[in-house]
Amino acid sequence: MNGAGERIADPWGRRTPYGRGGRWPVRMDSCLADGVAEGEVDAWVRTASLLHSDGDAMDIAVRDGRIVGVRGRAGDRVNRGRLEPKDLYTWQANASPDRLTRPLVREGGLLVESDWPTAMGRVVARSQELIGSLGPEAVAFYTSGQLFLEEYYTLAVLARAGIGTPHLDGNTRLCTATAGESLKESFGSDGQPGSYEDIDHADVIALFGHNIAETQAVQWMRILDRLDGDGPPRLLCVDPRLTPVARRATVHLAPRLGTNVALLNALLHEIIRQGRTDPGFIARHTVGFEALREQVEPCTTRWAAGICDVPAAAIEEAAELLGTADRLLSTVLQGFYQANQATAAAVQVNNLHLIRGMLGRPGAGVLQMNGQPTAENTRECGADGDLPGFRNWQNEEHVGDLAKVWNVEPSAIPHDGPPTHAMEIFRLAERGSVRMLWISATNPAVSLPELARVRSVLSRESLFTVVQDVFPTETAQFADVVLPAATWGEKTGTFTNADRTVHLSEKAVDPPGEARPDLDIFLDYAARMGFEDKDGGPLVHWSVPEEAFEAWKRCSAGRPCDYTGLSYAKLRGPSGIQWPCTEHAPDGTDRLYGEGAAWAHPDLCETYGKDLVTGEPLGEERYRSMNPDGKALIRPAPYLAPQEWPDEDHPFQLTTGRTLYHFHTRTKTGRVPQLARAAPDVWVEIAGSDAARLELAAGDLVEVTTRCGTLRGRLRLGSVRPGVLFVPFHYGYWDTPAGNAPAPGGAGRAANELIPTLWDPVSKQPQFKTAAAALTLVERAAGPDPAGTAPHDVSLPGRPRR
Ligand SMILES: Nc1nc2c(c(=O)[nH]1)N[C@H]1C(S)=C(S)[C@@H](COP(=O)(O)OP(=O)(O)OC[C@H]3O[C@@H](n4cnc5c(=O)[nH]c(N)nc54)[C@H](O)[C@@H]3O)O[C@H]1N2
Ligand SMILES: Nc1nc2c(c(=O)[nH]1)N[C@H]1C(S)=C(S)[C@@H](COP(=O)(O)OP(=O)(O)OC[C@H]3O[C@@H](n4cnc5c(=O)[nH]c(N)nc54)[C@H](O)[C@@H]3O)O[C@H]1N2
Ligand SMILES: [Mo]
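Every value quoted in this text rests on a predicted model; they were computed, and no experiment measured them.

Reading the values: the criteria
Residues numbered from 1 in each chain as written. Chains lettered and ligands numbered in written order. Predicted model: local features only at pLDDT ≥ 70, side-chain atom pairs only at ≥ 80, totals over all residues. Heavy atoms only, no water. Core = buried A, V, L, I, M, F, W, Y, C linked by side-chain atoms within 4.5 Å. Buried < 20%, exposed > 50% of the residue type's maximum accessible area, 1.4 Å probe, protein only. Contact = heavy atoms within 4.5 Å. Domains from an automatic or database assignment. Buried area = accessible area lost by both parts, 1.4 Å probe. Salt bridge = Lys/Arg side-chain N within 4 Å of Asp/Glu carboxyl O. Polar contact = N/O pair within 3.5 Å; in protein donor to acceptor, adjacent residues only side chain to side chain. Pairing = 2+ DSSP bridges. Helix = DSSP H or I, 4+ residues; strand = E, 2+ residues; numbered from the N terminus. Axes fitted to C-alpha atoms, helices over the stretch in contact; angles between N-to-C directions. Near = heavy atom within 4 Å. Nonpolar A, V, L, I, M, F, W, Y, C, P; charged D, E, K, R; others polar.

Draft legend 1. Here's a closer look at the nonpolar core. Membership of the largest hydrophobic core comes to 175 residues, with the highest contact counts inside it found for F208 and L236. Discounting chain neighbours no more than four positions away, the residues touching L236 are I205, A206, L207, F208, V251, L253, A318, L321 and L322. Membership of the second largest hydrophobic core comes to 66 residues, among which are V123, L158, L387 and W579.

As structure tokens, this is what we get:
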């Protein structure tokens, strides 16, 4: 592989420094299979990365009908030619010998190879039988943040208006439900305010619970290039671990897990106390400032220091950074979204920007980040249970408008209660009221909390489970029908990254065996089910991706995520394009809300808001009186201690997350030799001081136990704050010798054996980032750390640098 080793050891590659306000230089990254020269490639086919929310634009190299490599696209606004290690190497996974190539059905307890008519016949027969006998609510869909826009939109139409079930959600519930919710609470509607180009202009960049160096590595390259250029930005990092971001930060705050709201309230307190607000912006564009002032009035830095276990002086330094920034860019991700008080904490970051007037100008913006590559589309298409186009299910006019687009009666669209969230769907399956669960492009038997319980739900006799995937996953083992899907490079469609940039991804090669694009599977189902509109025409009236895109454009018209100015032809241009893109904004829109949050108007908003503590809906009347003119909402929240808190039996705070080299449950990256070698097995990270106190050493085999379960892994030292354990959540069971989950009560390898079922009351996002845990030694290290320490993972002893 050309250049393979070097980008494992040097993940961010060569620096191309640039100064503040300058244009990020191009750097071309590529990787081709051994023995293939650029000139020998038959075709380069346009796509973007499907391994994080960055949307790194790239071309797939094709030779003799096979994928033989990738290269970045120089003209694209997102990455300007760069690729990160997963982008560079993961194309190899498409050709894995163990791809699913034929449908499987369960016969006599075993999954056996079958054909499409048989497999789809079973799915359709079971759907019709359940809908006929128990009603549409017996059927549920749990989808992804990794399919394409056209696929989500088709799924949303068929689930909502075809079947009429309210039980449709994405794994975006685990991922960016809080991003969406915090934007709704602050701006009345989902929709990312900021732009990646804000990195080029900001003088302060604040990263809240976001390890961007490992999780959107190309934007970290952009930050590194600014740090090496003229007028570098100052960085604030809020993370309990000494991440690569923390190492480069001007100020690093490493709070106790789950105390984000206390910290933010103290930062807001300082900024208000020192008069570093923008009164003009507050008066013109916001409501609610006085309530925030009262809420944070007692939240001194000393008060927060006690709760967060961070020196008050460090919080003051951070407040100084934020308060003196002239262009402030903030990013927020899972250290907030998956922690205690997720929405309340993320909303405080929005408040920071609202009171400082840091929105809608180059360098001044908020990125409530997405994680998955296509999570934005799950949300905008309504495959997360919300109505498509960020319509408000409590607003009859919005429902009526959608009904017109679909040519159905409004009553055909379930909207008499909030959408069913993923955790609730699993609970309904556990209770037996959901009887068919169709899982597409997600692996809940590894990624949901409390895995022992998830396995027991999925193995229920009364639950008919359909799994649509590209590999035989841990989840597929529980299926009644397995549908083999085509994936990236094998199908065509669009997807939208975290800064609203839409990319077209085109088919480069044929899928293996009988695998079919997810769109074709959904279309086949809709046709077999005979879903009709109110005039007896087909409800789903498209048959290829471009027609689905055109149908979506009509649905998005006049909404915040307006796609009407886009087309496949236009997306074949040099760069991806940011929505909204309309006749009036044909080149797309870089930033939202510079001129105020117009979508927050009561007639237009996606939601009337929720109580940030209880999650109770505020209701239309309350919203109208609070925000009659449609301004941005400043929403205060009190700090509440996490439910999971250490005690004598469980003295540690456990958190979980990611490494640079793997994507999620490793169905793709685990099958890529370079990446698998870089991080072959699970580990447990502990502070050097805790290890010394417990007389433990690097490489020791340990057991971590919580009230839910037990995990075994080798110890790594050094990069978490004292009292914290960190475990990556990538490792399940498909590549273990047994290939199976642990026997009940046994120690597992998946982090989610340990994570209890708890979720944020507002966004319903599970809390993957705080569990009380115990640690015990199983066996001393035989030699050096067998987990293989990745080069950037060197442990630095001592306190995080400030
Ligand atoms: N390499 C790689 N990149 C990815 C992915 C991947 O699997 N691998 N997945 C993609 C997806 S879907 C997502 S959602 C994103 C996630 O991207 P990130 O959110 O950046 O990743 P995480 O490692 O989950 O969590 C980020 C940080 O939160 C910190 N944290 C934990 N608890 C707390 C807390 O209580 N407070 C604060 N302030 N911080 C805390 C952790 O120490 C961790 O460093 O990454 C995307 N990119
Ligand atoms: N403890 C802990 N748990 C977590 C997290 C954490 O930080 N800690 N993070 C959470 C977050 S943010 C996320 S996003 C989730 C991710 O959790 P999952 O969604 O379960 O993770 P993936 O491994 O990405 O699963 C995607 C599945 O889709 C399949 N697939 C890939 N491409 C296609 C395609 O084109 N079509 C079809 N049909 N299938 C395809 C893959 O083979 C894989 O099985 O995990 C969550 N769980
Ligand atoms: Mo995610």
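The structure having been displayed, the exposition proceeds.
Draft legend 2. Local environment of the domain arrangement of the protein. The assigned domain composition of the protein is domain 1 (1-95), domain 2 (104-175 + 381-575), domain 3 (177-369 + 596-633) and domain 4 (652-795). Distance from the C-alpha centre of domain 3 to the C-alpha centre of domain 4: 29 Å. Listed by partner, the interface residues are 35 residues for domain 3 and 24 residues for domain 4. Here domain 3 meets domain 4 over a buried area of about 2300 Å², counting both sides, of which 50% is carbon and sulfur. Connecting domain 3 to domain 4 are two salt bridges. Note that R721 and D309 form a salt bridge whose closest N and O atoms lie 2.5 Å from each other. The tally of links between domain 3 and domain 4 comes to 15 residue pairs in polar contact (both at pLDDT 80 or more).

Draft legend 3. View of the sheet that holds strand β6 (residues 110-113). Pairing is mixed in the open sheet, where seven strands are placed in the order β6-β5-β17-β16-β15-β7-β8. The sheet is open, and its two edges are formed by β6 and β8 (168-170), each paired on a single side. Between one strand and the next, the sheet's axes are offset by a mean angle of 20°, whatever the strand orientation. Pairing of strand β16 (residues 464-469) with strand β17 (residues 481-484) involves four bridges; the strand directions are parallel. Within β17, the residue paired with D469 across the bridge is P484. Sheet strands in contact with helix α4 (residues 149-163) are β7 (139-143) and β8, and its direction is about 165° off that of β7. Along the sheet, helix α22 (residues 518-529) makes contact with β7, β15 (436-440), β16 and β17, crossing β15 at roughly 155°.

Draft legend 4. Quick peek at the site of ligand 1. Around ligand 1 sit 34 residues in total, of which T215, D239, Q334, R658 and H662 are the nearest. One of the backbone nitrogen or oxygen atoms of T659 is found 3.0 Å away from a nitrogen atom of ligand 1. Taking H662, its main chain carries an N or O atom lying 2.5 Å from a nitrogen atom of ligand 1. The element that contributes the greatest number of residues to the shell around ligand 1 is helix α15 (residues 334-337), accounting for three residues. Here the residues of the shell around ligand 1 are counted per class, giving nine nonpolar, 19 polar and six charged. Two domains each put at least three residues into the shell around ligand 1: domain 3 (177-369 + 596-633) and domain 4 (652-795).

Draft legend 5. Region of the structure containing the sheet that holds strand β20 (residues 577-578). If you walk across this open sheet you meet the three strands as β18-β19-β20, and the pairing is antiparallel. The open sheet terminates on both sides in strands that have one partner only, identified here as β18 (493-496) and β20. Across two bridges, strand β19 (residues 501-505) lies against β20 in antiparallel orientation. When the sheet's bridge partners are listed, T501 is paired in β20 with Q578.

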